[in-house]
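Examining the three-dimensional arrangement
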Amino acid sequence: MKQAVMTEPGKISFYDVAQPALADHDVLMQTKRIGVCGSDIHVYHGMHPYTSYPVVQGHEVGGVVVAVGKAVTKVKEGDKITFMPQVTCGECYPCQHGMYHICESLKVMGFQTGGAAQEYFAMPEWHVIKLPETMSLDQAAMIEPISVAVHAIARGGDVAGKRVLVLGAGAIGNLTAQVAKASGAQAVMITDISPYKLEKARQCGIDCTVNTAEENLAEAILQHFGPAKADLILECVGVEPTMTQAVEVARKGTTIVVVGVFGQKPQVDLGLVQDRELSLVGTLMYQQADYERALELVAEGKMHLDEMITHRFAFEDYLDAYHAIEDSNGHYLKVMIELD
Ligand SMILES: [Zn+2]
Ligand SMILES: [Zn+2]
């Protein structure tokens, strides 16, 4: 079978390798769709601090079960699936206390261990999430990033009836805003400095968009949310200017969820965090319950996903996906790799 290996930053080689062997608890998946995400792009640029080369990418995946080990009970041949890419130790404090997603020695498939960028991929059934037959393969590959958004929103508490501000309209910001809306938020506002990404957000049903390169965010908040401002803020970019915005525009007592991955250490005014009694909350990936919630939202038709898929490439053209992203001038949201 064909396997796509990122041998060094900016390079992908295709190798012919043996199909994975199947242990008793393993599921063999035929890979059908792979979403490219921001972290993958960091790996492509050699900027991901916790990934070494060579690496097989692929952690946002839709596929079909082609074989199962003899002890597998969760799925059968022909089932549509996606998977949770976390490899956890099961022994550390978080693992022992129901928080395996922040395992002390967490490895993620496609980064610290092999991902599914190959025609067939074997994994222990623990990782496997069975999908309804009605779900498309594109939707299947989007369950992982939706789960990131579901977990991020959950970290901010119940959003029903609340005014939610999402900073950043990239794929995760867009999905986070959509999940907030689908979870009963009274109003959702999303910001970016890219008119393209804000237009994408509107296409996905987030009507209240603010271009912070042109508009004053504090004024926009007063205008759209009123003097009560935002009840919950989610920073989905991972850079200092948006983190600063979050702290500055927060109403006293607000929770700010830090969703973005910071490449550089930001300077944040912790004096404001103290004086305004803000809660700064981190969020990392997800657990199985978040996948289940993501599945529900998609099954209920509450997520706009087609509008988010801006580019498609065949498996053989994997590298072109990255070139397209580089050449797009930021005009992309979700790039999908397709396998037959
Ligand atoms: Zn991802
Ligand atoms: Zn652990």
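A quick note: this is a predicted structure, and the numbers were derived from the prediction, not measured.

1. Quick look at the domain arrangement of the protein
Under the domain assignment used here, the protein contains domain 1 (2–130 + 305–338) and domain 2 (149–282). The C-alpha centroid of domain 2 is placed 29 Å from the C-alpha centroid of domain 1. Across the contact, 10 residues belong to domain 1 and 12 residues belong to domain 2. Interface area lost by domain 1 to domain 2 is led by Glu307, Met308 and Leu333, which between them contribute 53%. At the junction of domain 1 with domain 2, the criterion picks out 0 salt bridges. Across the domain 1-domain 2 interface, the total number found is 3 residue pairs in polar contact (both at pLDDT 80 or more). In terms of residue class, the side of domain 1 that touches domain 2 is built from 4 nonpolar, 4 polar and 2 charged.

2. Regarding the environment of Ala21
With respect to the element layout, Ala21 can be found in the loop between strand S2 (11–16) and strand S3 (26–36). Here Ala21 is in contact with Asp26 and Ala122, once residues within four sequence places are set aside.

3. Re the packing of helix H3 (residues 137–155) against helix H4 (residues 171–182)
Two quantities define a packed helix pair, namely the angle between the axes and the distance from one axis to the other. Contact pair H3 / H4: the axes reach a minimum separation of 8 Å and the direction vectors enclose 60°. Comparing their axes, H4 and H3 come out oblique. As for the relative orientation of H3 and H4, their crossing is right-handed in sense. Contacts between H3 and H4 pair Met142, Pro145, Ile146, Val148, Ala149, Val150 and Ile153 from the former with Ile172, Leu175, Thr176, Val179 and Ala180 from the latter. A breakdown of the residues in the contact of H3 with H4 according to their chemical character gives 11 nonpolar, 1 polar and no charged.

What counts, and at which threshold
Residues numbered from 1 in each chain as written. Chains lettered and ligands numbered in written order. Predicted model: local features only at pLDDT ≥ 70, side-chain atom pairs only at ≥ 80, totals over all residues. Heavy atoms only, no water. Domains from an automatic or database assignment. Contact = heavy atoms within 4.5 Å. Buried area = accessible area lost by both parts, 1.4 Å probe. Salt bridge = Lys/Arg side-chain N within 4 Å of Asp/Glu carboxyl O. Polar contact = N/O pair within 3.5 Å; in protein donor to acceptor, adjacent residues only side chain to side chain. Nonpolar A, V, L, I, M, F, W, Y, C, P; charged D, E, K, R; others polar. Helix = DSSP H or I, 4+ residues; strand = E, 2+ residues; numbered from the N terminus. Axes fitted to C-alpha atoms, helices over the stretch in contact; angles between N-to-C directions. Parallel < 35°, antiparallel > 145°, perpendicular 65-115°, else oblique. Left-handed = near helix turned anticlockwise from the far one by under 90°.

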